[in-house]
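So you can see what is in the structure, the chains are spelled out below.
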Amino acid sequence: MKKEPFYITTPIYYVNAEPHIGHTYTTVLADTLARFWRLYGCDVYFLTGTDEHGDKIMQAAKKEGVETQAYVDRIAGIFKSTFEELGFSNNRFIRTTDADHVKVVQGILQKVYDKGDIYFGSYGGYYCVGCERFYTEKEIVDGKCPDHQTELQYISEKNYFFKMSSYQDWLIKHIEQNPSFVEPEAHRNKVASFLSEPLGDLCISRPKERLPWGIPLPFDSNYVTYVWFDALINYLTAIGYPNGPNFRKYWDNCYHLIAKDILIPHAIYWPTMLKAMGAGPYKGLRVHGWWQVDETKISKSLGNVVRPLDMKAKYGFESFRYFLLREMSFGLDSSFNEELLVERINSDLANDFGNLVSRVLGMTEQYQDGIVHKVEGEEGRLQAISQDISEELPKLMEAFRFRKAILKIWELVTGSNAFVEESAPWVLNKEGKTDQLAGVLYSLLESLRLLSVFLTPFMPETCAKLRTKLGLQALDNAVGYNELVKWGRLKDGVKIEKGAALFPRIEAALED
Ligand code: MSP
């Protein structure tokens, strides 16, 4: 696999809600990919941030009775500090109110206008403020928004339009020729079906008198730009479009991660906009499913919002992160349930993984005074399992198969636990077979080291703790994946330290 620069983005989140499980999930996925490809030796840029213009945001500020700017500053601040507390490794946290973004959006608008792809006209249509978009007759269900189930607003006014329809044939062909443009396939099929009808043009402005909260059109100051036209461009602003070196470096290998709710703006509006401005399409759109909570849609009014910082306080963030990654099959929906989370923590993390670490380190302390003895001869099966993981992991990450990747790595956890039972180090100790005992322990310790490499993208802090226990330095990406995954890097004579359990069992977490 080539070590190309890798650019990964999350949607920029609306600042009308505080971070919840949904925002956390997409950002966890992006963070996991960013960490994996950095480990693999790629130059990675990881972007997340907030979407702060538009009707919806202005209404939310009004509801709170505060100035819009003060309101967006507050919520964007909450997103940013939450993401810092969760340890995400994003290279930038972008806000659509950032000065460089405003400039890039206006530059693009002017360019597309000068090219003749933006015209003035009038339009009437059904608008959903929740989605910030017009719906076509075909999409409307019983006069309501299919996503929010709310009444749509009929809006008719003079506005600017982007000639999206001019690029329909190009987009159809591009998707046909590059099936990996939108994945998984089920979501690509939705895009293809949308494209089987005439596209129409995209209304990209709002009169300033009705909506002052937006970026002014550079060619008509009575209008501001439509929130999606503004928002999507964030992906270019962050890497210095049009002339920055990062733009040239990263754009060709850009992947957007989103959930299915915003498929159409990303799969239809965005590539046609890019084509019009001459920027070239992004490499791939990867679409995940929807989290519900206890089989119910997340909603503030139902009080079922799962907040990442609450989860961190209660279970430790990495347990929650593990659960999200382990539980959802990419592209499909899942339901969060706290009992299920506790079950997973206890079975996978405390029992399988945590106990393995405690046992192996405990036996090394008990039988070898905590010193690693590098003795060969017992590595057979565990070495084979690790080699298989090291070959499969990049392929699974390239295919965005997070759950499958964890299951694959768990083969080493399960294999090591079985090896402890079969080789019975306590018997070898009793029988005075010190060489064989040292060989068995070395294989197990080396497996723990390999787990600290494989699992780093998924549970970085836990792996850092594990490495400390193993007497190792923090993982150094510069060493390179191929070196790090080689069997036998753990050195003779190193002192290990069992210390506290990585994942204490959760006994009565639910009786709060
Ligand atoms: N601001 C737009 C996106 C503009 S991107 C150029 C927006 N914001 S949002 O706050 O509504 O975020 C939507 C995204 O948040 C989803 O696409 C997904 O990444 C994440 N999620 C929010 N709720 C979610 C679930 N319940 N389940 C899974 N992910 C969801 O749309």
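Residues numbered from 1 in each chain as written. Predicted model: local features only at pLDDT ≥ 70, side-chain atom pairs only at ≥ 80, totals over all residues. Heavy atoms only, no water.

Concerning the packing of helix H6 (residues 185-195) against helix H10 (residues 263-277)
Okay, so step 1: Running from N to C, H6 and H10 cross one another at 55°; their axes reach a closest spacing of 11 Å. Here H10 runs oblique to H6, going by the angle between their axes. In this structure, the crossing between H6 and H10 has a hand that is right-handed. On H10, the residues that touch His 187, Lys 190, Val 191, Phe 194 and Leu 195 of H6 are Leu 263, Ile 264, Ala 267 and Ile 268.
Okay, so step 2: Looking at the contact of H6 with H10, its residues break down into seven nonpolar, one polar and one charged. (Axes fitted to C-alpha atoms, helices over the stretch in contact; angles between N-to-C directions. Helix = DSSP H or I, 4+ residues; strand = E, 2+ residues; numbered from the N terminus. Parallel < 35°, antiparallel > 145°, perpendicular 65-115°, else oblique. Left-handed = near helix turned anticlockwise from the far one by under 90°. Contact = heavy atoms within 4.5 Å. Nonpolar A, V, L, I, M, F, W, Y, C, P; charged D, E, K, R; others polar.)

Some details on the domain arrangement of the protein chain
Okay, so step 1: Assigned domains within the protein chain: domain 1 (6-288) and domain 2 (337-511).
Okay, so step 2: Between the C-alpha centres of domain 1 and domain 2 there is a distance of 42 Å.
Okay, so step 3: Tallying the contact residues gives 13 residues for domain 1 and 16 residues for domain 2.
Okay, so step 4: Of the roughly 1400 Å² buried at the junction of domain 1 and domain 2 (both faces included), carbon and sulfur atoms supply 80%.
Okay, so step 5: Taken as a group, Thr 32, Phe 36 and Leu 39 account for 43% of the area that domain 1 buries against domain 2, more than any other trio of residues on that side.
Okay, so step 6: Where domain 1 meets domain 2, there are one residue pair in polar contact (both at pLDDT 80 or more).
Okay, so step 7: Of all elements in the fold, only helix H1 (21-40) and strand S12 (254-259) reach the threshold of two or more residues within the side of domain 1 that touches domain 2.
Okay, so step 8: Ranked by the residues each element gives to the side of domain 1 that touches domain 2, the list is headed by H1, at nine residues.
Okay, so step 9: Among the residues forming the side of domain 1 that touches domain 2, the class breakdown is nine nonpolar, one polar and three charged. (Domains from an automatic or database assignment. Buried area = accessible area lost by both parts, 1.4 Å probe. Polar contact = N/O pair within 3.5 Å; in protein donor to acceptor, adjacent residues only side chain to side chain.)

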